[in-house]
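Listed below, chain by chain, are the residues.
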Amino acid sequence: MKTHLHVFVVDEPTSQSDRSEIQGTLKILVSKLDDLSTCNDLIAKHGAALQRSLSELEGLIPVEGGEKIKAINELATLFRITSNAMINACRDFLDLAETHSRRWQRELQYEREQRTHLEETIEQLAKQHNSLERAWREAPTLVSRSERPLKEEASDEDEDTEFFDAMEDSPAFITVTTTENTQHRSVHSLSLSVLLYSDNHVSLHRRTHIPDKPNYSLNLWSIMKNCIGKELSKIPMPVNFNEPLSMLQRLTEDLEYHELLDKAARCDSSLEQMCLVAAFSVSSYSTTVHRTAKPFNPLLGETYELDRLEEFGYRSLCEQVSHHPPAAAHHVISQRGWTLWQEITIASKFRGKYLSIMPLGTIHLHFHSSGNHYVWRKVTSTVHNIIVGKLWIDQSGDIEIVNQRTKETCQLKFSPYSYFSRDVPRKVTGVVTDSDGQAHYILSGTWDDKMESAKIIHSSRGGSVLEGKQKTVYQTLSPKLLFSSHCLRENAENMYHFSALALTLNEPEEGVGPTDSRLRPDQRLMEDGRWDEANSEKQRLEEKQRAARRRREAEIFPGSSKQEYEGYQPLWFHQRRNSITGETTFVYKGDYWETKERQDWSMCPDIF
């Protein structure tokens, strides 16, 4: 363990020397550019003198000699123009080098901070390892008694880990692309909708920055070592692991690419509509690639509204309808022809090496004009390198999207990362089929960047057989872009890697309900960089929530604490059975936006 610590310490001067070398190189470039500028001035000076001499000589020499002098004069002018162009090119080169130097310095600084954090983590692990060895020597009988459960836990962990590290399955189909001249029309219309988003965003002057994230160190292992195998939502965590958004706001981030649904609502073909719905289901993960921090667990009865009716034609409302298990209900209605609702319960398990986050629940999407009703579920998110190394997140699993009216389906596969795979990381593939099972579109892309669709014009069975499965070969037209992820703003790494929409989600607004996440004090303190105060406030809010539950139980069952508590009744959602899927879920019962217009919040609980 000590050897590893020395290795990391030795790397530090190397980073500093790299930075000094870059700065030294820039100084040399500046010096050389000054020399070139001096030479250019001398060339211009002597060139002008030469041209004057040639002009004087031209008047003294006969006509034939004057023609030659004139040609020499033109060559001297051309030489001066060329030297000026060379100086301008050198100046552009220096500006480009300075720009890249700043980026290199930021990257070096980030790597240095990560190395320092890793050194501290390994040092803590070494100390705790020594403590465990001493404890083992002092109590050997306890070790033999607990040896069997530890082995069983390790085998479970190895079994789970094998899923992510094993060689992934080969795709069940092969695509062969042909060309079509109409491809650019669809891409052009999509880029216009994104441009419209940018224009609206700027015109409303919503905030584009939040306070930079403080650089607070924390011994992660000292907290997480007691969480192995447990449900993470039941373990109190300091805000140091959080980002200044609640789970309700993270759920609202699914609307980052709402324009896909606006475009889908205008589709005449239900199969083309399915492609856009599939792209929307993938786009909700595009903002998570760098978002390894944990959102705040909402308090029971906490709400979050996002009113974008004037800009984008939709209104969104979330409410925390259950605390154990934590469940949130979400409802969005758009004037542009669609309604989306979902109830999501988050199950999470920490296994030592990684954290698995499993969203449980169904997402419903209804288009008003066609009556098409789509249903799908989310995939599993996994955060790796919890103890040692740089945190990174992966999405894996399958999504089946079903159009309940036409019975058309889309099968999406999120390929887990594998060190041995030759495919691009974060790969997503899919096939859109009709009610008879015939494939019509191939979807491909990555969940963090973009998705494309290609129309199938011919399919056939391949000649090769792998593991008893015969691959299908699809001949397709050129792929069309469905969505491309928005670029993060400058300095995003110091603003929790928030997207443009995420930066506005916790912006204070007047007129929201008293239970809105924007008004949560511990979350606001964390956003402002006052983490110690935020931790104290978080403990106060959690204790207030427990006290409120005890009061409700006492009111229902006076004098008894053994009976089963029926549960909290949400304010804006109620449970109803879905006539299409047969599931019983929380759906919006109305009256929130009318209440907001009246500004009558007397029925709202005091949770903050």
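Residues numbered from 1 in each chain as written. Predicted model: local features only at pLDDT ≥ 70, side-chain atom pairs only at ≥ 80, totals over all residues. Heavy atoms only, no water.

Quick notes on the pattern of salt bridges
Counting across every chain of the model gives 28 salt bridges. Put simply, Arg291 and Glu243 hold a salt bridge, and the shortest N to O gap is 3.0 Å. Remark: Glu243 occurs in strand 2 (residues 242-246) and Arg291 occurs in the loop between helix 8 (270-283) and strand 3 (294-296); sequence separation between them is 48 residues. There is no split in this pair, since Arg291 and Glu243 are both buried. A salt bridge links Glu543 to Arg550; its shortest N-O distance comes to 3.1 Å. (Salt bridge = Lys/Arg side-chain N within 4 Å of Asp/Glu carboxyl O. Helix = DSSP H or I, 4+ residues; strand = E, 2+ residues; numbered from the N terminus. Buried < 20%, exposed > 50% of the residue type's maximum accessible area, 1.4 Å probe, protein only.)

Considering the pairing of strand 5 (residues 314-322)
For strand 5, the buried fraction is high: seven of the nine residues fall into the buried class. With six bridges joining them, strand 4 (residues 303-308) and strand 5 adopt antiparallel strand pairing. Looking at the pairing, Glu305 lines up with Leu317 of strand 5. As paired strands, strand 5 and strand 6 (residues 327-334) are joined by eight bridges and run antiparallel to one another. Bridge pairing in strand 6 places Leu317 opposite His331. Taken together, strand 5 and the strand that follows it, strand 6, pair antiparallel across an intervening segment of four residues. (Pairing = 2+ DSSP bridges.)

Details of the side chain of Glu537
Examined against the element boundaries, Glu537 turns out to sit in helix 12 (residues 531-556). The exposure class assigned to Glu537 is buried, which follows from its relative accessible area of 17%. Residues in contact with Glu537, not counting those within four places in the same chain, are Pro521, Asp522 and Leu525. (Contact = heavy atoms within 4.5 Å.)

Digging into the packing of aromatic side chains
All chains considered together, the criterion is met by twelve aromatic pairs. Centroid distance Trp392 to Tyr417: 5.5 Å. Interplanar angle 75°. Geometry classified as edge-to-face. Of this pair, Trp392 sits in strand 12 (residues 392-403) while Tyr417 sits in the loop between strand 13 (409-414) and strand 14 (427-433), placing them 25 residues apart in sequence. Its relative accessible area of 30% is what places Trp392 among the partly exposed residues. Three or more aromatic residues link up through ring pairs in this structure, and these residues are Trp572, Tyr592, Trp593 and Trp601. The ring of Tyr285 is capped by Lys378, whose NZ or CZ atom sits 5.5 Å from the centre of that ring. The lysine or arginine in question, Arg426, covers the ring of Trp447, its NZ or CZ lying 5.9 Å from the ring centre. (Phe/Tyr/Trp six-rings, centres within 6.5 Å; stacked < 30°, edge-to-face > 60°. Lys NZ or Arg CZ within 6 Å of the ring centre and 35° of its normal.)

Points about the confidence of the model for the chain
Averaged over the chain, the pLDDT score is 80; the fraction of residues at 70 or greater is 77%. Within the model, the stretch residues 1-15 combines pLDDT values under 50 with 15 contacts to residues more than four positions away or in other chains. Note on residues 180-203: pLDDT is under 50 here. Beyond four places in sequence and across chains, it has 32 contacts. (pLDDT = per-residue confidence, 0-100.)

Some points on the pairing of strand 15 (residues 439-446)
For strand 15, the tally of buried residues reaches seven of eight residues, placing the bulk of the element in the interior. When strand 14 meets strand 15, the two strands line up antiparallel, connected through seven bridges. Across the sheet, Lys427 pairs through a bridge with Thr446, a residue of strand 15. Where strand 14 folds back on strand 15, the antiparallel hairpin that results is connected by five residues, among which Gly437 adopts a positive phi of roughly 90°.

Regarding a nonpolar patch on the surface
Taken together, Tyr417, Tyr419 and Phe420 make up a surface patch of nonpolar side chains, about 410 Å² in accessible area. When its relative accessible area of 36% is taken as the criterion, Tyr417 is described as partly exposed. (Patch = residues over 30% accessible without salt bridge, like charges linked within 9 Å, V, L, I, M, F, W, Y side chains within 5 Å. Areas by Shrake-Rupley, 256 points an atom, 1.4 Å probe, with all protein chains shown as cover.)

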